[in-house]
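Commentary on secondary and tertiary structure
Residues per chain are reported as follows:
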Amino acid sequence: MKRFLSVSSSISFPLAHVRGWLFLFVFFLCQQAFAVQGQLRTISGRVTSDTNMPLEAVSINVKGTGTTAFTDAQGQYTIAVPGENATLQFFYMGYGQQEIAVGNQGVVNVTLTAKDNQLEEVVVVGYGNTNKRNITGSVASVSPKEFNQGVISSPAQLLQGKVPGLNITRSGDPNATPAMTLRGPSTLRGEGAQEPFYVIDGVPGASIDLVAPDDIVSIDVLRDASSTAIYGSRAANGVIMVTTRRSEGGKPRVSYSAYVAVEEVSNRIEMLTGDELRAYLDKNGKSLAPTDDQGANTDWQDEVTRTGISHNHNLSFGGSSANTLYSASVNYLKNEGIMKGSELERIIGRLSLEQKVLNERLTLGLSISNSSTEQDLIPAEVFPNMLRYLPTVGVRAEDGSYTEDLLRTGGYFNPVSLIDNNIDKRKVKTLLATGRVGLKIFEGLDYNLNVSVQNEDVNRDIYRNRFSALAQNSDGIAIRSSYTNTKKILESFFNYEKGFNDHFVKLLAGYSWQEDRTGDGFQTSNQGFVTDALSYNNLGLGDPPTGFISDFGDTRIQTLRMISFYARANYEFRDKYLFQVTVRRDGSSAFGENSRWGTFPAFSAGWRISQENFLQGVSALNDLKLRVGYGITGNSIGFNPLITLLRYGSTGRFYYDGKFVNAIGPTQNDNPDLKWERTAMANLGLDFAILNNRISGSVDVYDKRTSDLIWDYDVSTTQYFVDKLYANVGEMRNQGIEAMVNVVPVSNDKFTWTSSFNIAHNKNEIVSLSNDKFTLEEIPRAYLGGKGQSGNPSQRVVEGQPIGAFYTWKYMGKDESGVSQFLKADGTLTTAPSSDDFVYTGSAQPKLLYGWSNTFSYGNVDLNFFLRGVSGNKIINATLADLNSPSDALNHNIPRFTLDEPYSDINAFRLSDRYIEDGSYLRLDNATIGYTFKNNLKIVDGLRLYFTANNLFILTDYRGIDPEVSLGGIEPGIDNRNYYPKTRSYIFGLNVNF
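**Focus on the overall build of the protein chain**
Scanning the protein chain from N- to C-terminus turns up nine helices and 50 strands. Taking 30 Å as the expected radius of gyration for a compact globule of 994 residues, we find that the protein chain reaches 31 Å, a close match to that expectation. For the protein chain, the C-alpha atoms occupy an extent of roughly 105 × 65 × 65 Å along the three principal directions. Relative to its full complement of 994 residues, the protein chain shows a buried share of 53%. For the protein chain, contacts bridging at least 24 residues in sequence account for 70% of all contacts bridging at least 6. Taken as a whole, the protein chain presents about 43000 Å² of accessible surface, with 54% of it coming from carbon and sulfur. One way to put it: in the protein chain the 93 positive side-chain charges average out to a point 6 Å from where the 106 negative ones average out.

Listed below in structure tokens is the structure:
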């Protein structure tokens with residue numbers, strides 16, 4: 001503890017100078033550096049592309065002077081330069097930059113090369129970037145032209161199906177965050193702990209909600225440990241590097257993009273109509289109670305869903321003035337959910353300024369991003385009730401009240417009433433400000449200082465009125481909460497690169513400091529309101545009953561600090577032997593006194609075989625590179641900063657001195673030896689490009705092993721205060737193979753066809769849950785409930801099986817009475833099984849993930865379609881099981897599936913392997929057709945109109961609403977009466993540049 005605190009306190013010196021740095025930012029951003037020396041003379045010339053086409057609006061700068069000119073429509077330019085020592089810089093978006101010394105030339109003609117060569121693409125790798133050809137780790141890059149099209153509420157959706165090994169699942173809920181895993185799960189912990197780590201414009205851990213999809217210029221996914229180790233203790237699940245749009249110089253540019261989308265429910269569970277239910281009951285000699293049969297035929301799924309109208313607008317501009325680059329954008333999204341009452345509205349504003357001074361040796365930058373999100377949420381109880389509620393009654397009674405009997409048990413509520421009588425609004429405001437200093441100390445050596453502050457305000461307002469089934473006999477319940485989460489980051493690092501003869505060296509050394517303060521706020525509640533008119537706006541008007549205790553929520557302020565030192569060395573010999581060594585040392589206040597520091601090393605090497613003499617005569621081979629890497633990373637994402645401490649809290653209430661008071665006592669044991677989970681990964685890869693890069697791709701094989709898994713183990717209360725202790729014990733393994741191939745089958749002046757296919761296989765296994773100190777046979781999970789099954793787990797975490805292993809009864813058909821029977825542990829059959837009879841019935845982990853994209857261009861017309869899917873995974877359809885109860889048709893609706901069940905089957909609903917279904921699917925995820933107006937419009941530089949359709953069809957045997965259920969977390973592959981339906985959307989959009 002003392003060692004860590006001494007290091008932590010040392011950071012106070014640089015932090016004390018933050019205000020000084022900010023003053024320098026403001027001072028220098030207000031300056032313009034003009035250096036005009038000697039006699040001015042005029043230089044002219046022409047700028048063309050590598051296809052000999054003139055380039056208009058190319059920016060030509062006289063280096064170090066601030067003098068700028070632009071080419072005209074014929075690519076011609078003239079510019080005044082000071083003397084013979086001037087250097088011209090040529091910038092054009094999408095093309096490589098050039099610098100040319102003028103000397104005594106009067107005419108300087110330039111050819112710029114388009115950045116389409118995949119081997120020369122720049123890839124962001126953490127604290128710098130490199131050419132794709134020089135990468136020795138496993139990195140997948142996705143550009144905007146490859147992004148998924150659609151109503152995108154989270155940038156993660158842009159990558160779905162595009163990156164081998166990256167599994168992304170989402171429902172149709174506009175307010176839901178997609179679940180993500182990369183190369184399989186690697187922790188036993190829950191929410192967020194399995195997701196990759198985001199780095200946005202160099203800011204580690206920045207909120208992805210601050211980025212509008214239209215502002216992203218590239219996403220690089222670091223998949224293996226040799227690539228991710230530079231981020232140390234947060235990189236076990238991979239790292240996603242997001243780079244946003246910034247001005248590259250040139251004349252001012254304005255871009256506007258927008259779309260309008262119509263969304264509808266893509267699929268539903270077919271339930272009986274009122275007439276069909278009455279006929280079914282009559283056939284079996286039954287009839288509904290008079291209060292439950294009003295002669296209606298209400299389709300409750302129709303009553304709570306709608307056609308959603310969504311729209312998105314993005315306006316951006318950027319340019320340069322002398323040595324100043326500027327860019328800004330604003331994005332507005334309104335996503336109207338297909339479930340009534342659900343909605344997302346978000347506005348994002350971004351501003352970036354960059355100033356070069358001191359003859360361009362010093363670069364000062366300031367960027368600000370602000371996001372404001374408003375969400376309308378609906379109760380989870382709507383989803384089961386829109387299926388179960390009897391169709392034989394109307395939405396409202398004759399007196400206008402909702403038709404429902406609140407005395408009935410089992411959570412049986414009118415779904416329309418649930419939406420109308422409950423308000424749940426969440427507002428999230430996030431601000432990120434980043435100041436950057438870049439100093440070119442001498443040729444090849446740069447220093448960078450980045451200081452970032454992110455502030456997130458989360459407010460939630462809930463009101464359940466006097467008619468709400470969720471607040472019976474309370475005269476209204478109001479809950480309000482307000483929390484602030486703050487993240488402060490300082491990054492300071494040096495980059496050095498030097499080439500000499502056959503050698504090239506690139507070095508990085510840096511220091512990082514971060515402080516996260518979360519939960520700074522409060523929650524309170526009240527009830528007993530005279531009127532619903534004010535809803536949650538005045539909690540003081542409530543009149544709660546005696547003994548009422550306010551809902552204070554989880555109001556703990558927590559502070560987490562991290563300090564890191566990191567270094568990376570790259571060495572290249574003759575452009576064919578590549579080596580990289582990385583090490584990071586992290587210290588975190590989240591872990592025990594004895595284990596607060598961890599070291600995360602990595603090594604990788606590459607052999608560009610195509611550069612060897614014995615392959616120089618193979619003209620068809622453009623690139624062939626073998627990669628090998630090994631590294632160790634950690635997982636500290638999602639940790640409670642207080643997880644290692646002895647904590648006190650409420651242990652109940654007791655009667656003392658005539659009143660009830662809270663009992664305070666230990667609620668968590670301390671563990672000074674608790675440390676982060678460690679993931680070691682070996683990766684072997686092969687990159688290739690042939691036939692003038694018409695065919696290119698990569699293959700990766702990996703072995704990923706995570707040790708020191710954290711779980712709460714049973715301990716003796718004679719040794720500890722509490723009977724549970726968080727400890728590092730378990731081990732997990734993922735092994736897999738990934739492949740991607742890009743093909744250009746046709747490419748000529750009139751027609752181009754490009755195709756990209758990726759596929760990945762991963763095998764997950766729990767290696768151990770015990771050691772010589774702690775013993776654990778299994779972790780029961782997925783308590784899905786249902787009639788008579790509330791204490792039964794449907795999954796187990798057990799050695800030798802993957803995360804998401806299903807354990808249920810084995811269905812053995814029906815007996816002579818038509819009742820479902822099951823296999824007992826002793827091999828006999830029974831209609832009254834127990835939990836001792838559970839057997840392994842499948843895994844939620846998919847065997848294959850794949851995606852296939854095709855783009856066709858003919859003249860001004862382009863067409864793209866994208867298919868993706870998974871194979872080999874299982875889903876437990878607990879929704880269908882709960883509905884499939886023939887004898888309960890007097891109390892709730894049943895699906896058409898149940899018509900084939902005997903009315904006498906009192907066991908039909910039991911969660912057995914008959915509800916463990918194949919989750920494989922193939923989905924036509926989107927298809928887009930567009931038309932681009934080129935050189936025909938005087939007022940704009942370019943205009944593209946397009947039409948996109950999402951989720952056009954799906955091929956699957958799954959009987960639920962949709963097989964794309966969450967595969968993240970420790971309970972993957974579960975469909976349990978809470979599925980927000982997937983959508984099918986039709987989108988009309990435009991992109992215009994001025």
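**Brief notes about the nonpolar core**
If you look at the biggest cluster of nonpolar residues, it comprises 37 residues, and the most contacted ones within it are L277, Y280, L281 and M339. Secondary structure elements with two or more residues in this core: α5 (274-283), α6 (300-304), α7 (382-388) and α8 (415-420). If one sorts the elements of this core by residue count, α7 sits on top with four residues. In contact with M339, other than residues within four places in its own chain, are V304, T305, R306, I378, V382, F383, M386, Y980 and P981.

**Some thoughts on the pattern of salt bridges**
Counted under the stated rule, the structure contains 52 salt bridges. Between R584 and D586 there is a salt bridge whose closest N-O contact spans 2.9 Å. Taking the relative accessible area as the measure of exposure, R584 reaches 0% and is therefore buried. Where D862 meets R944, a salt bridge forms, and the shortest distance between an N and an O atom there is 2.7 Å. In this pair, D862 sits in strand β44 (residues 861-871) while R944 sits in strand β48 (residues 942-956), placing the two residues 82 residues apart along the sequence. A relative accessible area of 16% places D862 in the buried class.

**Considerations on the sheet that holds strand β49 (residues 974-975)**
Spatial strand order, β46-β45-β49: three strands in an open sheet with mixed pairing. Each end of this open sheet is capped by a strand with a single partner; those strands are β46 (916-918) and β49.

**Some words on the confidence of the model for the protein chain**
Confidence in the prediction of the protein chain, expressed as mean pLDDT, is 90, and 94% of residues score 70 or more. Scored below 50 in pLDDT, residues 1-38 makes 52 contacts in the model with residues more than four places away or belonging to other chains.

**Concerning the side chain of R234**
Among the structural elements, R234 can be located in the loop between α4 (225-228) and β16 (239-244). Buried within the structure, R234 lacks any salt-bridge partner; its nearest side chain of opposite charge belongs to E491, at an N-O separation of 5.3 Å. Engagement of the side chain of R234 in a polar contact is seen with the side chain of Q514, the distance being 2.7 Å. With residues up to four places along the chain from it excluded, the contact list for R234 reads F197, P204, Q514, M562, R584, G634, S636 and I637.

**Points about the packing of aromatic side chains**
Per the stated rule, a full pass over the model turns up 27 aromatic pairs. Look at F751 and F856: their rings are 6.4 Å apart centre to centre, the planes differ by 20°, and that puts the pair in the stacked class. One end of the pair, F751, is in strand β35 (residues 751-768); the other, F856, is in strand β43 (residues 848-858), and 105 residues separate them in sequence. Judged by centre distance (6.0 Å) and plane angle (85°), the ring pair of W852 and F865 falls under edge-to-face. Of the two residues, W852 sits in strand β43 while F865 sits in strand β44, which places them 13 residues apart along the sequence. Pairwise contacts between aromatic rings join Y127, F197, Y231, F493 and Y566 into one cluster. One cation-aromatic arrangement involves R396 over Y402; the distance from NZ or CZ to the ring centre is 4.0 Å. Here the guanidinium or amino end of R408 rests over the ring plane of Y412, the centre of that ring lying 4.2 Å away.

**Thoughts on the environment of I759**
With respect to the helices and strands, I759 occurs in strand β35. Accessibility expressed as a relative area gives 28% for I759, which makes it partly exposed. Through-space distance from the C-alpha of I759 to that of M740 is 6.5 Å; in sequence the pair is 19 residues apart. Beyond its immediate sequence surroundings of up to four residues, I759 is in contact with P164, I737, E738, A739, L848, L849 and Y850.

**Observations concerning the environment of N993**
With respect to the helices and strands, N993 occurs in strand β50 (residues 983-993). Ignoring anything within four residues of it in the chain, the contact list for N993 reads V254, S255, V940, D941 and G942. A polar atom in the side chain of N993 sits 2.6 Å from the side chain of S255.

**Focus on the environment of T932**
Relative to the helices and strands, T932 resides in strand β47 (residues 921-933). Each C-alpha atom, one on T932 and one on S321, is 30 Å from the other, the two residues being 611 residues apart in sequence. Among all residues touching T932, those that are not within four sequence positions of it are N860, D862, L943 and R944.

**Digging into unusual backbone geometry**
Positive phi outside glycine occurs at R574, with the angle close to 55°. Within the secondary structure, R574 is located in the loop between β26 (558-573) and β27 (577-588). Phi angles above zero are rare outside glycine, and L691 is one such case at about 55°. For L691, the location among the structural elements is in the loop between β32 (677-690) and β33 (695-714). Since its relative accessible area comes to 46%, L691 is described here as partly exposed.

**Comments concerning a nonpolar patch on the surface**
On the surface, V260, V262, I309, V861, L863, I929, Y931, F947, Y986 and F988 cluster together into a nonpolar patch covering about 820 Å² of accessible area. Residue assignment for the nonpolar patch shows that the elements contributing at least two residues are β17 (253-265), β44, β47 and β50. On the secondary structure map, V861 appears in strand β44. The class of V861 is partly exposed, set by a relative accessible area of 35%.

**Quick notes on the sheet that holds strand β41 (residues 829-830)**
The strand order across the open sheet formed by three strands is β39-β40-β41, and the pairing between neighbours is antiparallel. Only two strands of the sheet have a single neighbouring strand rather than two, namely β39 (811-814) and β41. Relative to β41, strand β40 (residues 820-823) runs antiparallel, the two being bridged by two bridges. Its bridge partner being in β41, L823 is matched across the sheet by L829.

**Side note on the pairing of strand β31 (residues 659-668)**
As paired elements, strand β30 (residues 647-656) and β31 share nine bridges and run antiparallel to each other. Across the sheet, residue Y655 finds its bridge partner in β31, namely F660. In this structure, the hairpin formed by β30 and β31 is closed by a connection of two residues, where D657 is found at a positive phi of approximately 55°.

**A look at the side chain of E612**
Note that E612 resides in the loop between β28 (597-608) and β29 (621-635). Within the local environment of E612, its side chain forms a polar contact with the side chain of K576, the two groups lying 3.3 Å apart. The contacts of E612, once residues within four sequence positions are left out, are K576, Y577 and W607.

**Observations regarding α5**
Every buried residue of α5 is listed here: G274, L277, Y280 and L281. Taken around the axis of α5, the buried residues stretch over an arc of 125°, which confines them to a single face. Along α5, the residues that are exposed and aim more than 90 degrees away from the buried face are D282 and K283. G285 sits one or two positions beyond α5 and adopts a positive phi of about 70°.

Analysis parameters
Residues numbered from 1 in each chain as written. Predicted model: local features only at pLDDT ≥ 70, side-chain atom pairs only at ≥ 80, totals over all residues. Heavy atoms only, no water. Helix = DSSP H or I, 4+ residues; strand = E, 2+ residues; numbered from the N terminus. Rg over C-alpha atoms; globule rule 2.2 N^0.38 Å. Buried < 20%, exposed > 50% of the residue type's maximum accessible area, 1.4 Å probe, protein only. Contact = heavy atoms within 4.5 Å. Areas by Shrake-Rupley, 256 points an atom, 1.4 Å probe, with all protein chains shown as cover. Lys, Arg positive; Asp, Glu negative; His and termini not counted. Charge placed at Lys NZ, Arg CZ, Asp CG, Glu CD. Core = buried A, V, L, I, M, F, W, Y, C linked by side-chain atoms within 4.5 Å. Salt bridge = Lys/Arg side-chain N within 4 Å of Asp/Glu carboxyl O. Pairing = 2+ DSSP bridges. pLDDT = per-residue confidence, 0-100. Polar contact = N/O pair within 3.5 Å; in protein donor to acceptor, adjacent residues only side chain to side chain. Phe/Tyr/Trp six-rings, centres within 6.5 Å; stacked < 30°, edge-to-face > 60°. Lys NZ or Arg CZ within 6 Å of the ring centre and 35° of its normal. Patch = residues over 30% accessible without salt bridge, like charges linked within 9 Å, V, L, I, M, F, W, Y side chains within 5 Å. Arc of directions from axis to C-beta.

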